[in-house]
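# Descriptive structure summary
What follows is each chain in one-letter form.
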Amino acid sequence: MAAAAGTSVENYDFIAYGTAAALYFGTVFFPSEDPLTSTLLAFATLAVGFVMRPLGGAIGGYLGDRYGRKPVLVGAMIVMGAATFAIGLMPTYAQIGAAAPVILTVVRMIQGLAFGAEWGGAITMAYEHAPWHRRGMFAAIPQSGNPLGIALASGMFAWSATLEGDWQWRTPFLFSAVLVIVALIVRSRLSESPEFEEAQAAGKTEKNPFLATWRDDWRGILRVIALRIVESFAYYSTATYLLNYISEREPELRPVALGAITAASITAIAVTFLAGTLTDRIGRRPVYIGGCIAAALFAFPMYLLTNDGEPALVVAVFVIGIGFIHAALTGTQGSLLTEQFRTATRTSGASLGYQIAAALGGFAPLLAAALVGKFGWPGASMLYLFAALVGLAGILLTKETWGREERARVGALVAEARKG
């Protein structure tokens, strides 16, 4: 729960920027006579944060595997909270000219570093504290913090849209300070990973986890990248680009779309947890394969259903795309991605693969906007479909980490221990 508290705040902060980029930053920081140019520039700064995430993952992974998981979680939280609060205070282009987007980009880079350092430590902590036969469920708990943070951010933007002027986009960023303080109090009581402490006591930690990961586990990193691309593209193509697409075509539907993302994220909290729990019963691969197939089948219907501007269909698309498809993938990832690596390089390997894929996924809104400008809405659907097929190929080439024999062996040990 302590790990989940942090991931929810980190996602609130990071997603708040994506929402603001889709709705406000094009005109506030990048005014232009061409709305498409403003949108592309705003999404470009969104992508910059993703580019920094692999570096943050490398730093956080190194520190987490070398010195412990807990210090990284606390440090990442402080840095992310400070950067997000700073955005809420930032002067606009109208106030200080070209310096405004430059400062915004720098702060966005800091956000990317902190977010990149966060995920690996949070997931590893939950996974390494968990009983063997329930690691899928336990690792899904911090993953459930992702949609919780997204729901909070979307709900805050839906509410702040009723305010006047710049307070519409400043308020959600300023509010993050409250969430950070609460999460820091919770995380300060978190104990270090017992599995890491055992490895450290036995002298089995790596002096340079970063180099050791690339030397020994580079195949695992590539698998994680392939597995993560579908989830990253699926989310940002929906929550960021589709939100922008609907808002530009039907401005009156903006509150509906924001409310739909909030509802979808609330749904995803439960679905993420249930997906992780299901992997403990049937294995990791079947759940992930199902999520990738569902994403591939949803690529074109998501635009066909929203093009008419029917509010009920808009809500349905976001709930299906985020609440079920994306959630099924993220609920499986906590255990699946972590199990690609040994204890000594687990945080580094999972973080690097996860954040490299996230850096690519961060360009999804930018690429979708460019493709729609050239091919119309089918361009965005083709991008979504491509990501789904990459993920499907990745999971088909990945061995099951929690197969029937392993489940039976651990189940027998658990039953024997309970009898004793």
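Above this text sits the structure in question.
This is a predicted model, so every value here is computed, not measured. (Residues numbered from 1 in each chain as written. Predicted model: local features only at pLDDT ≥ 70, side-chain atom pairs only at ≥ 80, totals over all residues. Heavy atoms only, no water.)

## Remarks on the overall build of the chain
Along the backbone of the chain there are 19 helices and 0 strands. Its C-alpha atoms give the chain a radius of gyration of 21 Å, within 12% of the compact-globule value 22 Å for 420 residues. Dimensions of the chain, computed from C-alpha atoms along their principal axes, come out at roughly 70 × 40 × 35 Å. Here the chain holds 420 residues, and 58% of them are scored as buried. Across the chain, the fraction of contacts at a sequence separation of at least 24, relative to all contacts at a separation of at least 6, is 86%. About 16100 Å² of surface is accessible on the chain, with carbon and sulfur atoms providing 69% of the total. Taking the 30 positively charged and 28 negatively charged side chains of the chain as two groups, their mean positions are separated by 9 Å. (Helix = DSSP H or I, 4+ residues; strand = E, 2+ residues; numbered from the N terminus. Rg over C-alpha atoms; globule rule 2.2 N^0.38 Å. Buried < 20%, exposed > 50% of the residue type's maximum accessible area, 1.4 Å probe, protein only. Contact = heavy atoms within 4.5 Å. Areas by Shrake-Rupley, 256 points an atom, 1.4 Å probe, with all protein chains shown as cover. Lys, Arg positive; Asp, Glu negative; His and termini not counted. Charge placed at Lys NZ, Arg CZ, Asp CG, Glu CD.)

## Regarding the packing of helix H12 (residues 254–282) against helix H15 (residues 311–338)
In the contact formed by H12 and H15, the axes pass within 6 Å of each other and the chain directions differ by 30°. With respect to H15, the element H12 is oriented roughly parallel. In this structure, H12 meets H15 at a crossing whose hand is right-handed. (Axes fitted to C-alpha atoms, helices over the stretch in contact; angles between N-to-C directions. Parallel < 35°, antiparallel > 145°, perpendicular 65-115°, else oblique. Left-handed = near helix turned anticlockwise from the far one by under 90°.)

## Regarding a nonpolar patch on the surface
A cluster of nonpolar side chains, contributed by Phe210, Leu211, Trp214, Trp218 and Leu222, occupies part of the molecular surface with about 480 Å² of accessible area. When contributions to the nonpolar patch are tallied by element, the ones reaching two or more residues are helix H10 (209–216) and helix H11 (218–249). With 3 residues, H10 is the largest single contributor of residues to the nonpolar patch. One can find tryptophan 214 in helix H10. (Patch = residues over 30% accessible without salt bridge, like charges linked within 9 Å, V, L, I, M, F, W, Y side chains within 5 Å. Salt bridge = Lys/Arg side-chain N within 4 Å of Asp/Glu carboxyl O.)

## Some thoughts on the packing of H11 against helix H17 (residues 364–375)
At a minimum axis separation of 8 Å, H11 and H17 run at an interaxial angle of 55°. Judged by the angle between their axes, H11 and H17 are oblique. Taken as a pair, H11 and H17 cross one another with a handedness that is right-handed. When H11 is examined against H17, the residues Phe233, Tyr236, Ser237, Thr240, Tyr241 and Tyr245 are found in contact with a partner set consisting of Ala364, Pro365, Leu367, Ala368, Ala369 and Val372. When the residues that make up the contact of H11 with H17 are grouped by side-chain class, the tally is 10 nonpolar, 2 polar and no charged. (Nonpolar A, V, L, I, M, F, W, Y, C, P; charged D, E, K, R; others polar.)

Purely geometric numbers; function is a separate question.
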